[in-house]
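Reading the structure
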Amino acid sequence: MTAKIMVTQRSVMIFRMMLSGIFLVAGFNHLMNVEGTVAKLDQASFKGMAYFIGNPEYLIIISGIVMLVAGISLFAGFKTRWVALILALVLIPITITVQIGQLNSLGPLFKNIAILGGLLFFILNDFKTTKQ
């Protein structure tokens, strides 16, 4: 489908900046509270997936750095499509590992699904400005 929907550039900028906030906070939290994040991971149904990939402390630190740097880039509008893709690639395994299989965390699961929808908006749309 190639239909075009007109939106204001300001609304896209506000959406992008507001979406970046979750990654700035999560990235900062991963870096400042590695032990607490590992403890949360240890409560997850699919924690084995994270342990299979590697040392959970290292994974949390790496994902924290990626979320913080990419979150800043998303906030600033720098390489938006690429950082949205990177953030989606970080968000998906976190969501599968920590959120799926937790009956008491359906809210956070659907929050992550909504965040992924926001990232897909920036992955699928081209926001290069053209002078007319």
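Here goes a summary of the coordinates provided. Note that the structure is predicted; figures quoted are calculated from it, not measured.

1. Observations regarding helix α2 (residues 34-42)
Of all the positions in α2, only Val34, Thr37, Val38 and Leu41 are classed as buried. Around the axis of α2, the buried residues are gathered within 100° of arc, so they sit on the same side. In this structure, α2 carries Glu35 and Lys40 as exposed residues pointing more than 90 degrees from its buried face. Where the residues of α2 are buried, they touch α1 (9-32), α3 (47-53), α4 (56-76) and α5 (80-99).

2. Remarks on the packing of α1 against helix α6 (residues 106-124)
The contact between α1 and α6 brings their axes to 11 Å, and the two run at 135°. By the angle between their axes, α1 is oblique relative to α6. As for the relative orientation of α1 and α6, their crossing is left-handed in sense. Touching Val12, Phe15, Arg16, Leu19, Ile22 and Phe23 of α1 are Lys111, Ile115, Gly118, Leu119, Phe121 and Phe122, all from α6. In the contact of α1 with α6, the residues fall into nine nonpolar, one polar and two charged.

3. Some words on the packing of aromatic side chains
Under the criterion given, the structure shown has three aromatic pairs. When the centroid spacing of 5.3 Å and the interplanar angle of 35° are considered together, the rings of Phe15 and Phe122 count as tilted. Placement of the pair is Phe15 in helix α1 and Phe122 in helix α6, with a sequence separation of 107 residues. According to the relative accessible area criterion, Phe122 is buried, its value standing at 1%. Here the aromatic residues Phe15, Phe121 and Phe122 are joined through ring pairs into a cluster of three or more.

4. Examining the nonpolar core
The nonpolar side chains of a soluble globular protein tend to be buried with one another. Leu19, Phe23, Leu74, Leu87, Ile115 and Leu119 are the most contacted members of the largest nonpolar core, which totals 16 residues. The set of elements that each furnish at least two residues to this core consists of α1, α4, α5 and α6. Looking at which element gives the most residues to this core, the answer is α5, with six residues. What Ile115 contacts, discounting residues up to four positions off in sequence, is Leu19, Ile22, Phe23 and Leu91.

5. Observations regarding a nonpolar patch on the surface
Residues Phe46, Met49, Phe52, Ile53, Ile92, Ile96 and Ile100 make up a contiguous nonpolar surface patch of about 660 Å² in total accessible area. Secondary structure elements with two or more residues in the nonpolar patch: α3 and α5. For the nonpolar patch, the element with the most residues is α3, which contributes three residues. Along the chain, Ile96 falls in helix α5.

6. Let's talk about α4
Its 21 residues give α4 an end-to-end C-alpha distance of 30 Å, which sits within 8% of 30 Å, the value for a rise of 1.5 Å per residue. For α4, the elements touching its buried residues are α1, α2, α3, α5 and α6. For α4, the N-terminal capping position is held by Asn55, with its side-chain oxygen 2.8 Å away from the main-chain nitrogen of Glu57.

Conventions adopted
Residues numbered from 1 in each chain as written. Predicted model: local features only at pLDDT ≥ 70, side-chain atom pairs only at ≥ 80, totals over all residues. Heavy atoms only, no water. Buried < 20%, exposed > 50% of the residue type's maximum accessible area, 1.4 Å probe, protein only. Helix = DSSP H or I, 4+ residues; strand = E, 2+ residues; numbered from the N terminus. Arc of directions from axis to C-beta. Contact = heavy atoms within 4.5 Å. Axes fitted to C-alpha atoms, helices over the stretch in contact; angles between N-to-C directions. Parallel < 35°, antiparallel > 145°, perpendicular 65-115°, else oblique. Left-handed = near helix turned anticlockwise from the far one by under 90°. Nonpolar A, V, L, I, M, F, W, Y, C, P; charged D, E, K, R; others polar. Phe/Tyr/Trp six-rings, centres within 6.5 Å; stacked < 30°, edge-to-face > 60°. Core = buried A, V, L, I, M, F, W, Y, C linked by side-chain atoms within 4.5 Å. Patch = residues over 30% accessible without salt bridge, like charges linked within 9 Å, V, L, I, M, F, W, Y side chains within 5 Å. Areas by Shrake-Rupley, 256 points an atom, 1.4 Å probe, with all protein chains shown as cover. Salt bridge = Lys/Arg side-chain N within 4 Å of Asp/Glu carboxyl O. Expected span 1.5 Å × (residues − 1). Polar contact = N/O pair within 3.5 Å; in protein donor to acceptor, adjacent residues only side chain to side chain.

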